[in-house]
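Inside the fold
In case you want the letters, here they are:
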Amino acid sequence: MTLIEADRVDPTPWKNGGGRTRELFVWPPVGDWQLRISLADIEQDGPFSAFPGVHRHFAVLQGGGVRLHFADGERLLQAGDPPLAFDGASAPGCTLCAGPTRDLNLMLRDVEGRMVLAADGASAPPDRPWRALFATGMARVGALTLPPRSLLLMPDAPLQKLDAAPAFWFTAELAP
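Residues numbered from 1 in each chain as written. Predicted model: local features only at pLDDT ≥ 70, side-chain atom pairs only at ≥ 80, totals over all residues. Heavy atoms only, no water.

The number of helices and strands found in the chain is 0 helices and 18 strands. On C-alpha atoms alone, the chain measures out to a radius of gyration of 15 Å, which is about the 16 Å that the 2.2 N^0.38 rule sets for 176 residues. Expressed along its principal axes, the backbone C-alpha trace of the chain runs to roughly 45 × 35 × 30 Å. Looking at the chain residue by residue over its 176 residues, the buried ones come to 44%. In the structure as shown, the chain presents an accessible area of about 8300 Å², 51% of it carried by carbon and sulfur atoms. Of the charged side chains in the chain, 16 are positive and 20 negative; the average position of the first set lies 3 Å away from that of the second. (Helix = DSSP H or I, 4+ residues; strand = E, 2+ residues; numbered from the N terminus. Rg over C-alpha atoms; globule rule 2.2 N^0.38 Å. Buried < 20%, exposed > 50% of the residue type's maximum accessible area, 1.4 Å probe, protein only. Areas by Shrake-Rupley, 256 points an atom, 1.4 Å probe, with all protein chains shown as cover. Lys, Arg positive; Asp, Glu negative; His and termini not counted. Charge placed at Lys NZ, Arg CZ, Asp CG, Glu CD.)

Below is the structure:
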């Protein structure tokens, strides 16, 4: 198991100046990635970057939420909502509802996977061999206590939330 604390990862400013991203995990680590997990701070309204051939999952963790503007309509996302999955080529416009937000992202290229809200006491969904857990607050997995904003790769025990903060399971068809 590997633990990655988001607060120890330096943020990278976006080219358009609208926010910053902390890249928490990328697979494979060299060459074109197939899986990318990141934490983003959206600081102003603007379009998402287009990622043709990428399937995206997006969840608001903190802040007043966002309105994503797709060709087929708007989606309002707020903290506590389940992640939204969409085609990365669509590059929706984003309007902040009440100031900056912090968001969790999963991007997949040529790999099946998903991001779901994690229930207290539940293990990772058994649908795929690779798994990870992102805890927004204090949590425990087996004997390991996770600090807030941490990503645990390949957990093998159920989640125990130590506060009311949400957590998210990631699963993918990567070789463990």
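On to the environment of Thr171, then. Structurally, the position occupied by Thr171 is in strand β18 (residues 167-172). In this structure Thr171 comes out as buried when scored by relative accessible area, which is 2%. The sequence separation of Thr171 and Trp130 amounts to 41 residues, and the corresponding C-alpha distance is 5.5 Å. If we ignore the near neighbours within four places in the chain, the residues touching Thr171 are Glu112, Gly113, Arg114, Pro125, Asp127, Arg128, Trp130 and Arg131. Within the local environment of Thr171, its side chain forms a polar contact with the side chain of Asp127, the two groups lying 3.2 Å apart. (Contact = heavy atoms within 4.5 Å. Polar contact = N/O pair within 3.5 Å; in protein donor to acceptor, adjacent residues only side chain to side chain.)

What follows deals with the sheet that holds strand β14 (residues 139-141). Read from one edge to the other, the open sheet built from 3 strands follows the order β15-β14-β17, with strand pairing classed as antiparallel. Each edge of the open sheet is held by one strand with a lone partner, namely β15 (144-146) and β17 (159-161). In this sheet, adjacent strand axes meet at a mean angle of 25 degrees when their direction is disregarded. As judged from the 3 bridges shared by β14 and β17, these two strands associate in the antiparallel manner. Looking at β17, one finds that Arg140 is bridged to Gln160. (Pairing = 2+ DSSP bridges. Axes fitted to C-alpha atoms, helices over the stretch in contact; angles between N-to-C directions.)

As a further point, take the pairing of strand β7 (residues 66-70). Residues Val66, Leu68 and Phe70 of β7 are buried on one face, while the alternating residues Arg67 and His69, pointing to the opposite face, are not. Across 5 bridges, the pairing between β7 and strand β8 (residues 73-77) is antiparallel. When the bridges of β8 are listed, Leu68 appears paired with Arg75. The turn joining β7 and β8, which pair antiparallel and follow one another in sequence, is formed by 2 residues.

Our focus in this paragraph is the pattern of salt bridges. Here the structure, examined in full by the defined rule, presents 13 salt bridges. Linked through salt bridges whose partners overlap, the residues forming this network are Arg20, Arg22, Asp41, Glu43 and Arg102. (Salt bridge = Lys/Arg side-chain N within 4 Å of Asp/Glu carboxyl O.)

Ranked by size, the top nonpolar core spans 24 residues in total, and within it Leu24, Leu35, Ile37, Leu104, Trp130, Leu151 and Phe170 carry the most contacts. Elements represented by at least two residues in this core include exactly β3 (19-27), β4 (35-42), β6 (54-62), β11 (101-109), β13 (130-135), β16 (150-153) and β18. Once residues lying within four places of it in the same chain are set aside, the contact partners of Leu104 are Ile37, Ser38, Leu39, His57, Phe58, Ala59, Leu61, Met115, Phe134, Phe168 and Phe170. (Core = buried A, V, L, I, M, F, W, Y, C linked by side-chain atoms within 4.5 Å.)

Right, let's get into the pairing of β3. Each regular strand shows side chains that alternate between the opposite faces of the sheet. Where strand β2 (residues 12-13) meets β3, 2 bridges bridge the pair, whose relative direction is antiparallel. Note that in β3 the partner of Pro13 across the bridge is Arg20. Hairpin remark: β2 followed by β3, antiparallel, with 5 residues in the connecting loop; positive phi at Gly17, about 75 degrees. Pairing analysis gives 8 bridges linking β3 to β4, with the strands arranged antiparallel. Across the sheet, residue Gly19 finds its bridge partner in β4, namely Ile42.

Taken by themselves, the reported measurements are silent on function.
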